[in-house]
Amino acid sequence: MELNTRLILALDVTIEEEALRLAEMLAPYLDVIKVNYPLVLSTGMQIVEKLSRIRPVLCDFKVADIPNTNRLIVERVSAFGAMGVIVHGFTGPESLKATMRRGLDVFVVAEMTHPGSDFFPRVSEDIVDIGAHLGVTGFIAPATKPERLSLIKRLSKERSKPFTILSPGVGAQGGKVAAAIEAGADALIVGRSLYESEDPEATARDLIEQIQAAESSRPE
Ligand code: NUP
């Protein structure tokens, strides 16, 4: 995954025309467009092909099944031209391994952003361990919990290969850009506070400025 602006749009709208309009408008500011079930279940998987012509698409399908089903799911994701997929790691190494496919970036949810996901600390370190061992592309870690994000970054950094950390939770869920970047996020996943804002382009520019400012003050 190529990172430039370090901004990923979580495109959780349900109308195809709106999705394409937002993607076109925000394309210059985005490294990746992330799609989730609301959009795909409303418009069909063809939206992944259509958006891929605008920016690379990451399918946030949080894949969490038996190995054979996981393999079948990521085959479909690949067939529609996505650059990557988000999967769950609590299903264990065999299921996770089945999601790994040549040419597809695999990001494993290490810990979630929302209130009530407090049981994750008990498993997230094991999930990072399993993912790192298998050589996934990176991890999803919460911008809403900078201290946990920072621990996940540290654990993943202890490995020989560097892992990319993508962090949702900024804006609508209360996470802050500077805290997430300083804690180790390599890119931020932002949805509602970007696409629902009055001027999404101005919001994107502002987010990128904040990301760059925080990055320059981040100790490496
Ligand atoms: O822990 C997670 N939290 C989270 O919000 C893992 C995720 N993949 N997400 C996704 O990021 C969520 O499903 C949504 O698509 C996006 C955040 O959107 P928003 O809260 O910025 O609108």
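Report follows, based on the coordinates. (Residues numbered from 1 in each chain as written. Predicted model: local features only at pLDDT ≥ 70, side-chain atom pairs only at ≥ 80, totals over all residues. Heavy atoms only, no water.)

Some remarks on helix α1 (residues 16-26)
Looking at α1, one finds that the buried residues are E16, A19, L22, A23 and L26. For α1, the angular spread of the buried residues around the axis is 135 degrees, confining them to a single face. Facing away from the buried side of α1, by more than 90 degrees, are the exposed residues E17 and E24. On its buried side, α1 packs onto β1 (7-10), β2 (32-35), α2 (37-43), α3 (46-52), α9 (192-195) and α10 (200-216). (Buried < 20%, exposed > 50% of the residue type's maximum accessible area, 1.4 Å probe, protein only. Helix = DSSP H or I, 4+ residues; strand = E, 2+ residues; numbered from the N terminus. Arc of directions from axis to C-beta. Contact = heavy atoms within 4.5 Å.)

A word on the nonpolar core
L7, L11, V35, V48, L51, F139 and L188 are the most contacted members of the largest nonpolar core, which has 64 residues in total. The greatest single-element share of this core, amounting to 5 residues, is contributed by α10. Those residues in contact with L188 that sit more than four places away from it in its chain are R6, L7, I8, S167, V170, V177, A180, I181 and I211. By size, the runner-up hydrophobic cluster in this structure holds 12 residues, among which are V32, I86, I140 and L166. (Core = buried A, V, L, I, M, F, W, Y, C linked by side-chain atoms within 4.5 Å.)

Quick look at the site of the ligand
The environment of the ligand is made up of 15 residues, and the closest members are D12, K34, D60, T113 and R192. Separating an oxygen atom of the ligand from a side-chain N or O atom of D12 is a distance of 2.6 Å. For the ligand, whose free accessible area comes to 480 Å², the fraction covered by protein is 91%. At the level of elements, β3 (57-63) and β8 (187-190) are the ones that each hand at least two residues to the shell around the ligand. A per-class count over the shell around the ligand returns 6 nonpolar, 4 polar and 5 charged. (Near = heavy atom within 4 Å. Polar contact = N/O pair within 3.5 Å; in protein donor to acceptor, adjacent residues only side chain to side chain. Areas by Shrake-Rupley, 256 points an atom, 1.4 Å probe, with all protein chains shown as cover. Nonpolar A, V, L, I, M, F, W, Y, C, P; charged D, E, K, R; others polar.)

Some thoughts on the packing of aromatic side chains
This model, assessed by the stated rule, comprises 3 aromatic pairs. Both rings, one in F139 and one in F163, keep their centres 5.6 Å apart while their planes meet at 55 degrees; by these two values the pair is tilted. Of this pair, F139 sits in strand β6 (residues 138-140) while F163 sits in the loop between α7 (146-157) and β7 (164-168); the two residues are 24 residues apart in sequence, bridging distant segments of the chain. Judged by relative accessible area, F139 falls into the buried class, the value being 0%. (Phe/Tyr/Trp six-rings, centres within 6.5 Å; stacked < 30°, edge-to-face > 60°.)

Overview of the environment of A180
The topology assignment puts A180 in helix α8 (residues 177-183). Relative accessible area serves as the criterion here: at 0%, A180 is assigned to the buried category. Taking the C-alpha atoms as reference points, A180 and M83, 97 residues apart in sequence, are found 24 Å from one another.

Don't take any of this as a statement about function, it's just geometry.
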